[in-house]
Amino acid sequence: MSRLLYQGVEGVADLSESLRSKNCHPERSEGSASPAISSDEDPKLKEECGVMAVYGHPDAARQVYLGLYALQHRGQESAGIATANGQNLSNIKGMGLVSEIFTEDILAKLPGELSIGHTRYSTTGDSALLNAQPIRVDSTKGLIAIAHNGNLVNLGNLRAKLERAGAYFQTTSDSEIIVQLIAHSTAGTLVDAIADSLGQVEGAFSIVMMTRDRIFAARDPRGFRPLSMGRIRNSDGPDTIVFGSETCAFDLLRAEYERDVQPGELVMVSADGVTSRQFASGVPQTSCVFEHVYFARPDSRIYGRWVQQSREEMGRQLCRESHVPADLVVPVPDSGVTAALGYAEEAKLPFRFGLIRNHYVGRTFIEPEQRVRDFGVKLKLNPVRNLLEGKRVILIDDSIIRGTTSRKIVRMVRGAGAKEVHLRISCPPTISPCFYGVDTPSKRDLIAANKSVEEIRQYIEADTLAYLSMDGLLHSCDDGHTGYCTACYTGNYPTQWVDVDEILPAQADRYEVQLKLTEVN
């Protein structure tokens, strides 16, 4: 069972203070033997997290649990749920998947009609239990819990400023900075303090917050990350208001999508209903286009547009730009499926699942004593030889990061008897790291930042390789009003500057990226 951290839960000790001096990795006990394990050496880009909030439901924690279950694709490292009942604010979080952490017994310890939740893949702060969210802080403004999706880019200066003012940080996560800014704000009301604090931070944040009797939701002025509001209609009382990173989280709750939280908007839900205020305006919207390319589920509506619609159009546009004669279209599951549907439709070719994915492979696995070539990819994907043998195959995927996995998949398809393998990618080449909540390798490790398309083709051993153009991508995601951040494809960052040392993963080449940012700005 996952190790849990209880905060404010009746009858259970709060051990958060003791964790501050430890590097907590609950997946392995101290002194236990470490098996020979391997992980995918060229994983997809990792999204940072998903957030969920529910106001006005007698079983709010369970509703948030269901929402987080639907958002599990946004983070598989840790999860947490906080609840409030007007008097108390309780928080339980742990390392692992939502379903592993929150059993019936655990959910029973979280009473209340208000709840927020979070599922996380760490992009800043230690990968540890203490940094799991929601983060609960007892401040001069009262008890506050926060769940944050995104990355702040001016956190270094803000943290130093707050520490000089006497702030005591419980975690190394950038999310706590928002709570500390609220606690140290001189504004007269909590709403004013939140608005004042959000106006001081720069970067990507879609957040939900909770006090003992109110829920707050907000997005950064540029709208980097999605956040939607929905409603569960109750015939016997006031409606339940819900917030989620993606609208797919509403479906399990039978909640109706109402609208997106607007960039720069702060929404408050209380006994008086739903109120809203704009804490920032006049900033161009730069929503993350990779949400449409890969992160979000196809059944979600993101930035006012269905993801399925965008991805199918990416595939159609990719076909218009770079089609070659072939016999069938095969997606790399699951990331390439929707774009491959669009491509096959435009090309008037058969769509076939020529690669079958094993959905029961965990994040790590024990390798056989006799090492098998490309074992990691073969464990997750297996070719359907009778579909591929003797065929000219259009292979569709959403991105190439380091290139090592793409090469293994091309080899696998060719090894199953394919006569030709033509790889098509439904986005432009990824050439720059992201600083707004995506775990991107350093520029040194991004194959497209260091090789031409032809050099990449030679490396992955495909007969041909083509990416979707930038114009094609933006056309595919166009809803007439959303502006997109494309920094990972262009190196042009929408914010003024970035504290690289604070926000890059530990493995990144910080000096190299700092030079790049200096050149850009």
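Cut-off values and rules
- Residues numbered from 1 in each chain as written.
- Predicted model: local features only at pLDDT ≥ 70, side-chain atom pairs only at ≥ 80, totals over all residues.
- Heavy atoms only, no water.
- Core = buried A, V, L, I, M, F, W, Y, C linked by side-chain atoms within 4.5 Å.
- Buried < 20%, exposed > 50% of the residue type's maximum accessible area, 1.4 Å probe, protein only.
- Helix = DSSP H or I, 4+ residues; strand = E, 2+ residues; numbered from the N terminus.
- Contact = heavy atoms within 4.5 Å.
- Pairing = 2+ DSSP bridges.
- Phe/Tyr/Trp six-rings, centres within 6.5 Å; stacked < 30°, edge-to-face > 60°.
- Axes fitted to C-alpha atoms, helices over the stretch in contact; angles between N-to-C directions.
- Expected span 1.5 Å × (residues − 1).
- Lys, Arg positive; Asp, Glu negative; His and termini not counted.
- Salt bridge = Lys/Arg side-chain N within 4 Å of Asp/Glu carboxyl O.
- Polar contact = N/O pair within 3.5 Å; in protein donor to acceptor, adjacent residues only side chain to side chain.
- Disulfide = S-S within 2.5 Å.
- pLDDT = per-residue confidence, 0-100.
- Parallel < 35°, antiparallel > 145°, perpendicular 65-115°, else oblique.
- Left-handed = near helix turned anticlockwise from the far one by under 90°.
- Nonpolar A, V, L, I, M, F, W, Y, C, P; charged D, E, K, R; others polar.

Asks: Please provide a residue-by-residue account of the nonpolar core, values included.
Replies: Membership of the largest hydrophobic core comes to 68 residues, with the highest contact counts inside it found for L395, I400 and V413. For this core, the element with the highest residue contribution is helix α11 (residues 337-347), accounting for six residues. Among residues more than four places away in sequence, those in contact with L395 are V330, V332, L355, I409, V410, V413, V421, H422, L423 and R424. Counting residues in hydrophobic clusters, the runner-up holds 30 residues, among them L162, A193, M209 and M268.

Asks: I'd like a rundown of the pairing of strand β12 (residues 228-232), residues and numbers included.
Replies: Counting buried residues along β12, five of its five residues qualify, which places the element largely inside the surrounding structure. The alternating pattern of β12 places S228, G230 and I232 on one face and M229 and R231 on the opposite face, and all of these are buried. Pairing of β12 with strand β13 (residues 240-244), which is carried by five bridges, proceeds in the antiparallel orientation. For S228, the partnering residue across the bridge sits in β13 and is G244. Here β12 runs beside strand β14 (residues 256-260); their pairing, made up of four bridges, is antiparallel. Following the sheet pairing, S228 is matched in β14 by D260.

Asks: Run through the pairing of strand β8 (residues 135-139), naming residues and quoting values.
Replies: Where burial is concerned, most of β8 is hidden: four out of the five residues are buried. Of the strand pairs in this sheet, β8 and strand β9 (residues 142-149) are connected by five bridges, and their pairing is antiparallel. What sits directly across from S139, in β9, is G142.

Asks: So what's going on with the packing of aromatic side chains? Which residues, and what values?
Replies: By convention here, two paired aromatic rings are described through the distance between centres and the angle between planes. Enumeration over the complete set of coordinates arrives at eleven aromatic pairs. Ring geometry for F351 and F353: centres 5.1 Å apart, planes at 85°, overall edge-to-face. Note on F353: relative accessible area 41%, which makes it partly exposed. Among the aromatic side chains, those forming a connected cluster through ring pairs are F224, F435, Y436 and Y493.

Asks: Describe the sheet that holds β12, with residues and values.
Replies: If you walk across this open sheet you meet the eight strands as β1-β6-β5-β7-β4-β13-β12-β14, and the pairing is antiparallel. Each edge of the open sheet carries a strand with a single partner, namely β1 (4-7) and β14. The sheet shows a mean angle of 15° between the axes of neighbouring strands, direction not considered. Where strand β4 (residues 49-55) and β13 come together, four bridges link them in antiparallel fashion. Bridging across to β13, V54 finds its partner in V242. Packed onto the sheet, helix α2 (residues 60-70) meets β4, β5 (78-84), β7 (114-120) and β12 and runs at close to 25° relative to β7.

Asks: Requested: an account of helix α14 (residues 404-415), with residues and values cited.
Replies: Each turn of an α-helix holds 3.6 residues, which means side chains three or four residues apart point in the same direction. An ideal rise of 1.5 Å per residue puts 16 Å on twelve residues; α14 measures up with 16 Å between its terminal C-alpha atoms. One or two residues past the end of α14 sits G417, with phi positive at roughly 105°.

Asks: Kindly report on helix α10 (residues 307-322), identifying the contributing residues and their values.
Replies: For α10, spanning 16 residues, the distance from its first C-alpha to its last is 22 Å, which sits close to the expected 22 Å at 1.5 Å a residue. Among all positions in α10, only V307, S310, R311, E313, M314, G315, R316, Q317, L318, C319 and S322 are buried.

Asks: Residue-level account of the side chain of R311, with values.
Replies: Tracing the backbone shows R311 in helix α10. Look at R311: it is buried, it has no salt bridge, and the nearest opposite charge is E291 at 6.8 Å. Polar contacts involving the side chain of R311 include one to the main-chain carbonyl oxygen of E291, which spans 3.3 Å. Excluding anything up to four places from it in sequence, R311 contacts E291, H292, V293, Y294, F295, A296, R297, P298, T338 and A339.

Asks: Describe the state of the cysteines, naming the residues involved and giving the relevant values.
Replies: By the definition in use, this model includes zero disulfides. Between C288, a free cysteine, and C434, which holds the nearest cysteine sulfur, the sulfur-to-sulfur gap is 6.0 Å. Given a relative accessible area of 9%, C288 falls into the buried group.

Asks: Can you tell me about the sheet that holds strand β15 (residues 265-270), naming the residues and giving the values?
Replies: Spatially, β8-β9-β10-β11-β15-β16 is the arrangement adopted by the six strands of the open sheet, whose pairing is antiparallel. Strands with a single pairing partner mark the edges of an open sheet, and in this sheet they are β8 and β16 (273-278). Neighbouring strand axes in the sheet, compared pairwise and without regard to direction, differ in orientation by 20° on average. Against the sheet, helix α7 (residues 190-198) engages β9, β10 (206-210), β11 (215-219), β15 and β16, with an angle of about 155° to β15.

Asks: I'd like to hear about the confidence of the model for the protein, residue by residue, with values.
Replies: Across the protein, the average pLDDT comes to 85, with 85% of residues at 70 or higher. Of the regions scoring below 50 in pLDDT, residues 23-41 engages in 26 contacts with residues more than four places distant in sequence or in other chains. Across residues 363-367, confidence stays below pLDDT 50; counting only partners more than four residues off in sequence or on other chains, it has 22 contacts.

Asks: How would you summarise the packing of α10 against α11 if you had to cite specific residues and measurements?
Replies: Pairs of packed helices are described in terms of their axes, by the angle between the two and the distance that separates them. One can describe the packing of α10 onto α11 by two numbers: an axis separation of 7 Å at closest approach and a directional angle of 45°. Judged by the angle between their axes, α10 and α11 are oblique. In terms of crossing hand, the pair formed by α10 and α11 is right-handed. Mapping the contact onto sequence places Q308, R311, E312, G315, R316, L318, C319, R320 and S322 in α10 and T338, A339, L341, G342, Y343, E345, E346 and A347 in α11. When its residues are assigned to classes, the contact of α10 with α11 shows six nonpolar, five polar and six charged.

Asks: Mind laying out the environment of I425, listing which residues take part and the relevant values?
Replies: Locating I425 in the fold gives a position in strand β25 (residues 420-425). Non-local contacts of I425, meaning those with residues more than four positions away in its chain, are made with L318, D397, D398, S399, I400, L465, A466, Y467 and L468.

Asks: I'd like a rundown of the environment of G96, residues and numbers included.
Replies: Examined against the element boundaries, G96 turns out to sit in the loop between β6 (89-95) and α3 (98-101). Here the alpha-carbon distance between G96 and S78, two residues 18 residues apart in the chain, equals 4.8 Å.

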